[in-house]
Amino acid sequence: MKKSLEDHAARFDEQAGEYDDSNSDEYRACASLVIEHAAPEEDDVVLDLGTGTGAIALALAPDADRVVGRDISEGMMAEAEAKAEEDGLENLEFATGSFREPDYDGDVDVVTSNFALHHLSDAEKREAIEVIAALEPRKFVLGDVMFFGEPDPKEPFYSPEVDDPATVGTLADAFTDAGFSLTAVERVHDQVGVLVAERNPTEANAVSGDDADDETAADA
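Sequence positions are assigned chain by chain, starting from 1 and proceeding in written order. Where totals are concerned, whole chains, interfaces and linings use all residues; where local detail is concerned, this predicted model gives features only for residues with pLDDT of at least 70, and gives and counts side-chain atom pairs only at 80 or more. Excluding hydrogens and water, the side-chain values take into account all heavy atoms of the structure.

Details of the packing of aromatic side chains
Here comes step 1: Stacked, tilted and edge-to-face are the three classes applied to pairs of Phe, Tyr and Trp rings, where Trp contributes its six-membered ring and a pair requires centres within 6.5 Å; stacked means planes under 30 degrees apart, edge-to-face means over 60, and tilted covers the rest. If you walk through the whole model with that rule in mind, you get three aromatic pairs.
Here comes step 2: Measuring from centroid to centroid gives 5.1 Å for Y27 and F115, while their planes differ by 75°, and the two rings are edge-to-face. With Y27 in helix α3 (residues 25-38) and F115 in the loop between β4 (110-114) and α6 (122-134), this pair connects stretches of sequence that are 88 residues apart. Per residue, the accessibility class of Y27 equals that of F115, and both read buried.
Here comes step 3: Centroid distance F175 to F180: 5.8 Å. Interplanar angle 90°. Geometry classified as edge-to-face.
Here comes step 4: Put simply, the rings of F140, F175 and F180 touch in pairs and so form one group of aromatic residues.
Here comes step 5: Looking at R199, its charged tip hangs above the ring of F180, at a distance of 5.0 Å from the centre. Numbered from the N terminus, helices here are DSSP runs of H or I no shorter than four residues, and strands are runs of E no shorter than two. To sort residues, take the accessible area from a 1.4 Å probe on protein chains only and compare it with the maximum for the residue type: under 20% means buried, over 50% means exposed, and anything in between is partly exposed. Charge over a ring is defined by NZ of Lys or CZ of Arg lying within 6 Å of the ring centre and within 35 degrees of the ring normal.

Things to note about the pattern of salt bridges
Here comes step 1: Every case where a carboxyl oxygen of Asp or Glu lies within 4 Å of a side-chain nitrogen of Lys or Arg is listed as a salt bridge. Under the definition given, this model contains eight salt bridges.
Here comes step 2: We note a salt bridge from D44 to R138, for which the minimum N-O separation is 2.6 Å. Linking D44 in the loop between α3 and β1 (45-49) with R138 in the loop between α6 and β5 (139-147), this pair joins segments that are 94 residues apart in sequence.
Here comes step 3: Given a relative accessible area of 3%, D44 falls into the buried group.
Here comes step 4: Overall, the relative accessible area of 31% leaves R138 in the partly exposed class.
Here comes step 5: For the salt bridge of R70 with E93, the shortest nitrogen-to-oxygen distance reads 3.0 Å.

Thoughts on unusual backbone geometry
Here comes step 1: We note that A39 has phi near 40°; this positive angle belongs to a residue other than glycine.
Here comes step 2: Within the secondary structure, A39 sits in the loop between α3 and β1.
Here comes step 3: For A39, a relative accessible area of 45% translates into the label partly exposed.
Here comes step 4: A positive phi is found at D103, a non-glycine position, where the angle reads about 55°.
Here comes step 5: If you trace the backbone, D103 turns up in the loop between β3 (92-96) and β4.

Looking at the nonpolar core
Here comes step 1: Counting 31 residues, the largest nonpolar core has F99, F140, F175 and F180 as its most contacted members.
Here comes step 2: Elements represented by at least two residues in this core include exactly β1, α6, β5, α7 (168-177) and β8 (192-198).
Here comes step 3: The element that contributes the greatest number of residues to this core is α7, accounting for five residues.
Here comes step 4: Whether two residues are in contact is decided by their heavy atoms: any pair within 4.5 Å suffices. Not counting residues up to four positions away in its chain, the partners in contact with F140 are V111, T112, S113, I129, I132, F175, F180, L195, V196 and A197.
Here comes step 5: Listed in part, the 29 residues of the second largest apolar core include C30, L58, L92 and F147. Among buried residues, those of type Ala, Val, Leu, Ile, Met, Phe, Trp, Tyr and Cys that are joined through side-chain atoms within 4.5 Å constitute a nonpolar core.

Examining the packing of α6 against α7
Here comes step 1: Helix axes are fitted to C-alpha atoms over the stretch in contact, other axes to C-alpha atoms as well, and angles between N-to-C directions run from 0 to 180 degrees. Running from amino to carboxyl end, α6 crosses α7 at an angle of 30°, the nearest separation of the two axes being 9 Å. In this structure, α6 crosses over α7, and the sense of that crossing is right-handed. Of the residues in α7, those touching α6 at D122, K125, R126 and I129 are T170, L171, D173, A174, F175 and D177.
Here comes step 2: Basically, the charged four are Asp, Glu, Lys and Arg, the nonpolar ten are Ala, Val, Leu, Ile, Met, Phe, Trp, Tyr, Cys and Pro, and anything else, Gly included, counts as polar. In terms of residue class, the contact of α6 with α7 is built from four nonpolar, one polar and five charged. Rotating anticlockwise by less than a right angle from the far helix to the near helix defines a left-handed crossing, while the corresponding clockwise rotation defines a right-handed one.

Let's talk about the pairing of β5
For a regular strand, side-chain orientation follows a simple rule: the groups alternate between the two sheet faces.
Here comes step 1: For β5, the tally of buried residues reaches nine of nine residues, placing the bulk of the element in the interior.
Here comes step 2: Examined bridge by bridge, β4 and β5 share five bridges and lie parallel to one another. Its bridge partner lying in β5, V110 is registered against K139.
Here comes step 3: Only strands joined by at least two bridges in the DSSP assignment are considered to pair. When β5 meets β8, the two strands line up antiparallel, connected through seven bridges. Along β8, the bridge assignment pairs L142 with L195.

Structure (structure tokens):
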């Protein structure tokens, strides 16, 4: 992590009021795909990590039994809580927590995250995925800044001073080592995408072994 948790929290606290209006088209496309792939059932508990102003959490709440949002920025979560109250959503819970310390030990069926994991180093990402796997969700849907090829240093989508994206191959390996199977890869931009990892994928939804190997080999 290039900045401390406290530094990141302070930065997002400052951005909270304008954050929704400042999001890129790629961010919004990722959010839509995360919501689509998460597809919670009516009795599911969703854990949304790096919940921010609640874009994913609020969208999933009407279809889930409960949505638990965790973030390091109190300012961002205050925006999320205000929107939940405005929308009359009562099955949401927001509290401080991080990827590696989500401060949640209840049942989890689906884990989601959008545009947050890339702040961690590759080793920290791996640790975070292991922590999430220990919660035993059946599915983890990740939308994030990630490299599908060699990033152009002249046109980085990300901010090198605060962000530390991984290759798709690195993320795929971390998911596999934590007991997940990668069942979908959505490419939004050369440096942005959505990964769906599941514990017990059905044969119909699973990515074929050859396809997964080709994707990982190409992106490693």
